Amino acid sequence: SPLFVSGQKHSPQPQGTLSLGFTPARSAHVIMSVSGTMHGWSLRPVGVRTPSLVSGRHCVRAPRGRPALSTSITSIASITSITSIASTGKPASISAAEKDVLQAISNVKGRGKDGMDDASAALLAEAVATLEASDAGVPDPTKSQLLEGKWRLLYTTRPSSASPIQRSFVGVDGFSVFQEVTLRNMPRVNNIVDFGPNVGFLKVEAAASTDQQPLANFTPRKGKGFFIFGSSSSVPPAKVNTRLDFQFDTAAFNLRFLPEGVTIPYPVPFRLLGDERKGWLDVTYLSKDGGFRLSRGNKGTLFVLKKEDRAKERLLRTLGQLKNRRSGTNQIDVQDLVDRVVEEEEGIRQPAKSPAARGGWKLLWSAQGSTANPLQQRLVGVVNNWQIISQDGARLQNRVQLLPGVRVIADATAEVASATRTRVVITDVLFELGPFKINLKINTDADGYVDWLYLDDSIRITRGNKGSVFVHARDPTVSID
């Protein structure tokens, strides 16, 4: 069949090869081998020429046994614009390239610390080149909210120019490494090394500057810097709205055994380091769904990151999709997510004592204990239900809206019993029908408690004294009457 190159029609010729070059990104020149047969053409990478960030010279890397550059042409005719095949930026399958990246790094140790076999390295190089050369990713990524969030580091190259913290922590499989990106208001880039749930984490924080939101009085770093901190590059970004410039301003170890609010400072005086506390990160590919990212740093490192789908986000998304909150299968799925939020998320410490516990909370979901009130069991997911704590923390009210103008209200006193428990004593249960109020003479089993399993600014997870588990979302529209 005809071959279209730059809008011209060419007929396939007998098999032959041509090595050519094209530049898909600022810092890479990919050498491709073009093979032609009677049935069509194929491309595959032969080598990658990149600017050496140490010497400033260009170097060429090619698979073993193959010359880095070749200009020979064998049995090919009528080719006038073959480079346009490579420079279209339209790979056959972007999703396949993303999968190839993940496949190539699936068996590496230490996020790339110990290297990888030749086949995986070739697969990774080809897939990364495809993605970075493509226009299928999110345009202007540093303007997109899809860049925001918590990113898990899956893989990184480890050139000799890597920073000491990268060499020390990133290669340890027992640690989890994340990057938090915030763009709105005051852009930030925070790097986190999580040592495990029983130990704690190191958080290194930086103010960020983008083309859209430049940091006031910020000057990007220049020069290679001191070799002990890793050699840096000062090349400009390939495109606007792709670079995050940053400067570190604080860092600390947050360890579980320390009292709340107490941290151990990271022993680096950032403010005294001048340009050495600055760096940049180019977003070379951001998937359309915002879940996969390639970035390159000022010290020559390629980073492969995947958006961390937090347990809290999965829980809220699942609750929003549920049509029947009493379905047995759904209950099991939601309970698992609730358990993961409690185990994995970093909530407010000492929640029962926190001012964040006060205010209005709307019930999203509950798993009723076997001894729960039968009426409460039947009304789960059927009617709107709130729990409200007064601003002084001394009163608590449960409110069930049965119909417009018809509700049941249980009033109680509240008292902090411990850092994670609120003691509750129900005093009255009222049935309200419009302006009329009827005091229900119900055996309220008055003395109870609420155990706080998780609390942040937007949701809370609690367990009552009868074993029921509740998920509430903050509702600022309601307050105790």
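Residues numbered from 1 in each chain as written. Predicted model: local features only at pLDDT ≥ 70, side-chain atom pairs only at ≥ 80, totals over all residues. Heavy atoms only, no water.

Before going further, it helps to spend a moment on the confidence of the model for the protein. Averaged over the protein, the pLDDT score is 77; the fraction of residues at 70 or greater is 71%. Taken element by element, the predicted model of the protein shows its lowest mean pLDDT in strand E1 (residues 3–5) (31) and its highest in strand E23 (residues 459–464) (96). Within the model, the stretch residues 1–91 combines pLDDT values under 50 with 167 contacts to residues more than four positions away or in other chains. Taken together, the stretch residues 324–329 has pLDDT below 50 and engages in 10 contacts with residues farther than four places along the chain or on a different chain. (pLDDT = per-residue confidence, 0-100. Helix = DSSP H or I, 4+ residues; strand = E, 2+ residues; numbered from the N terminus. Contact = heavy atoms within 4.5 Å.)

Following the criterion strictly, the structure yields six aromatic pairs and no others. When the ring of Phe 253 is compared with that of Tyr 266, the centres are 6.0 Å apart and the planes differ by 50°; the resulting orientation is tilted. Taken together, the residues span a long stretch of sequence, with Phe 253 in strand E11 (residues 243–255) and Tyr 266 in the loop between strand E12 (264–265) and strand E13 (278–286) at a distance of 13 residues. Just as Phe 253 is buried, Tyr 266 falls in that class too. Feature note: the residues Phe 175, Phe 195, Phe 253 and Tyr 266 constitute an aromatic cluster, connected by ring pairs. Directly above the ring of Trp 280 sits Arg 243, whose terminal nitrogen or CZ lies 3.7 Å from the centroid. Directly above the aromatic system of Phe 218 lies the positively charged group of Lys 278, at a separation of 5.2 Å from the ring centroid. (Phe/Tyr/Trp six-rings, centres within 6.5 Å; stacked < 30°, edge-to-face > 60°. Buried < 20%, exposed > 50% of the residue type's maximum accessible area, 1.4 Å probe, protein only. Lys NZ or Arg CZ within 6 Å of the ring centre and 35° of its normal.)

Time to look at the packing of helix H2 (residues 94–104) against helix H3 (residues 118–133). Remark: H2 packs on H3, axes separated minimally by 8 Å, with the N-to-C direction vectors making an angle of 145°. As for the relative orientation of H2 and H3, their crossing is left-handed in sense. Where H2 approaches H3, its residues Ile 94, Ala 97, Glu 98, Asp 100, Val 101, Gln 103 and Ala 104 are matched on the opposing element by Ser 120, Leu 123, Leu 124, Ala 127, Val 128, Thr 130 and Leu 131. Considering only residue class, the contact of H2 with H3 consists of nine nonpolar, three polar and two charged. (Axes fitted to C-alpha atoms, helices over the stretch in contact; angles between N-to-C directions. Left-handed = near helix turned anticlockwise from the far one by under 90°. Nonpolar A, V, L, I, M, F, W, Y, C, P; charged D, E, K, R; others polar.)

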